[in-house]
Amino acid sequence: MSQKLDSQVPSGDISEKWTKHKFNMKLVNPANKRKHTIIVVGTGLAGASAAASLGELGYNVKAFCVHESPRRAHSVAAQGGINAAKNYKNDGDSVYRLFYDTVKGGDFRAREANVHRLAEISTSIIDQCVAQGVPFAREYGGLLSNRSFGGAQVSRTFYARGQTGQQLLIGAYQAMMRQVDRKQVELFTRREMLDLVIVEGKARGIVVRNLLSGAIESYSADSVILATGGYSNVFFLSTNAMACAVTAAWRAHKKGAFFANPCFTQIHPTCIPVAGEMQSKLTLMSESLRNDGRVWVPKTAGDKRHPSQIPDNERDYYLERVYPSFGNLAPRDIASRQAKFAVDSGRGVGPTGVAVYLDFRDAINRLGKKAISERYGNLFQMYAKITGEDPYEVPMRMFPAPHYTMGGLWVDYNLMSTVPGLFVAGEANFSDHGANRLGASALMQGLADGYFVLPYTIGNYLANTKTDKLETSHDAFKGAENAVKSEISKLMNIKGNRSVDSFHKELGRTMWEYCGMSRSAEGLKKALGDISKLREEFWTNVRVPGDASYVNPELEKACRVADFLEQGELMCQDALERNESCGGHFREEYQTPDNEAKRDDENFCHVAAWEFQGVGKKAQLHKEELKFENVKLSTRSYK
């Protein structure tokens, strides 16, 4: 039976909700903080900032990292920048404008109160990071520099060349390691969470696999934070690092945490195109390149001339033509769909014909090669190394690819899931971006959650909740351990004929074809049938070589792909249920005459939160109705 989800959004004016809520929340005094233990799973921006902040407050923190170092978290790959409503450019920015742009950019499918809080906190994030020594780009006079990003007409994006994520992660990592040195944070590397432990209805610990020894280990705490990123690797080829997975969130989902809006996935418009069948991942090129690069294709289908031989009057700068107000800085979902339309019309470029040009010729002529190199030099170098082409001399070739996931575990205003004591931060939750994330907002959300939200809301939970000390000898831990061991043993003993990667690739092709940039009821129904058959074959015919009691990357992948197979079904189910187009969710049946997304606010202005009912069984849908009291529901237009 469907239940009404309580978002716990405070009453009052939206600009005062967070301030009043912070005051009204209960506090844990310093002496009592020492009595509490908090587990943080994931040490990217959201996880490292949360661990550092909670350790600084005096809590005992256990932080778990799947890599040998937190510095390898996928946050390091973010290139272009982090948004903040500082209005340094004096170009009309404000907290409200950032709030408005984010709600509109998400196609009115985000919770207003969460988005406004994010916009409020954004200014403090920059101050925090500057104090940590993050080397943001600066103007000649020393002031912090800003640049533009898609979906906004102001310059609010702070950046460190094309390495913003790396520099922010180093800042959070240093803050966390300071707490490790003080013994407030205990860091566990090369551990992967494989189950959530629930005692008396509350999240009280996790079960992990030690990726070096193969040992199954249990850890208890008074609350658990998941900061484990997104699930774009369900498509196999994505911009995500190879270790990015849905496993931690999915195992929590199977223990009662609702999964919200799983079909809301972002296809990033500027990625280096697929080069061959043996490719294992795709490379993102920062959206910041669209500040100076112009996107185009030949006007004539089948035109295979060298780009230098195609004159301007035979080029279609389609984003500038279709969206003159925003041009090349149209939001990601829109820019990606237009690239697909151009390729589908036979005007794609490059050897495969599945690409568009991102051209810096005019910017180099206008500003000079030195200025472009100062802005994007490391990105140009990366492109040249991967493709063997010099982007100073020839246009870059780009095509959309799976990138960020707006869906994730459902959380309330306090970032707590439907499992009491289980908090979810950063990309692992669904909360702030609606159906499409604006560029440079992922880093903003991760650090806002970790540095500025969770330290308050977890304290309030602990102050209101009785949590007795719990040993890992408790039956709930033993039961979870045995379940994990049983699954691993089953995988190792199938001894089938197909590799893990072959299943993952087939799943990825199905997801990209039927639940990627474009979806239809017919295609989604076919995908559901195909994935179900593939999942059944996986459990009878997968081959996992090696030993479970040692380093075994194939076993790691097998556990993750098993979860992707189940989660892929939920994504398709969610996409089939949502009979509208919005943001990154483009249903072919629901579009305007000029091929724009057509929302149905009467029937789908809600968060779709799914409750697990069993493998192969249809999940139970619960809805959180979305109310727009501060931003008027309107048809998105960037023209």
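Residues numbered from 1 in each chain as written. Predicted model: local features only at pLDDT ≥ 70, side-chain atom pairs only at ≥ 80, totals over all residues. Heavy atoms only, no water.

Time to look at a nonpolar patch on the surface. Nonpolar side chains collect at one region of the surface, where Leu-212, Tyr-550 and Val-551 lie side by side and expose about 310 Å² of accessible area between them. Its place among the elements puts Tyr-550 in the loop between β19 (542-543) and α16 (553-577). Overall, the relative accessible area of 55% leaves Tyr-550 in the exposed class. (Patch = residues over 30% accessible without salt bridge, like charges linked within 9 Å, V, L, I, M, F, W, Y side chains within 5 Å. Areas by Shrake-Rupley, 256 points an atom, 1.4 Å probe, with all protein chains shown as cover. Salt bridge = Lys/Arg side-chain N within 4 Å of Asp/Glu carboxyl O. Helix = DSSP H or I, 4+ residues; strand = E, 2+ residues; numbered from the N terminus. Buried < 20%, exposed > 50% of the residue type's maximum accessible area, 1.4 Å probe, protein only.)

What follows concerns the packing of aromatic side chains. All chains considered together, the criterion is met by 24 aromatic pairs. Considering the side-chain rings of Phe-64 and Phe-188, the 4.7 Å spacing of their centres and the 10° angle between planes classify their relative orientation as stacked. Here Phe-64 is found in strand β2 (residues 60-64), whereas its partner Phe-188 is found in strand β5 (residues 185-188), with 124 residues between them in sequence. Classification of Phe-64 by relative accessible area gives buried; the value is 2%. Centre to centre, the rings of Phe-188 and Tyr-219 are 4.8 Å apart; their planes meet at 55°, and the pair counts as tilted. Remark: Tyr-219 occurs in strand β8 (residues 216-220) and Phe-188 occurs in strand β5; sequence separation between them is 31 residues. Just as Phe-188 is buried, Tyr-219 falls in that class too. Ring pairs connect the aromatic residues Tyr-231, Trp-250, Phe-259 and Phe-612, which therefore count as one cluster. (Phe/Tyr/Trp six-rings, centres within 6.5 Å; stacked < 30°, edge-to-face > 60°.)

Moving on, we come to the packing of helix α3 (residues 45-57) against helix α12 (residues 442-464). Relative orientation of the contacting elements α3 and α12 amounts to 30°, with a least axis distance of 8 Å. Looking at the two axes, α3 sits roughly parallel to α12. For the element pair α3 and α12, the recorded crossing hand is right-handed. Contacts from Leu-45, Ala-46, Ser-49, Ala-50, Ser-53, Leu-54 and Leu-57 in α3 reach Leu-443, Gly-446, Leu-447, Gly-450, Tyr-451, Leu-454, Pro-455 and Ile-458 in α12. (Axes fitted to C-alpha atoms, helices over the stretch in contact; angles between N-to-C directions. Parallel < 35°, antiparallel > 145°, perpendicular 65-115°, else oblique. Left-handed = near helix turned anticlockwise from the far one by under 90°. Contact = heavy atoms within 4.5 Å.)

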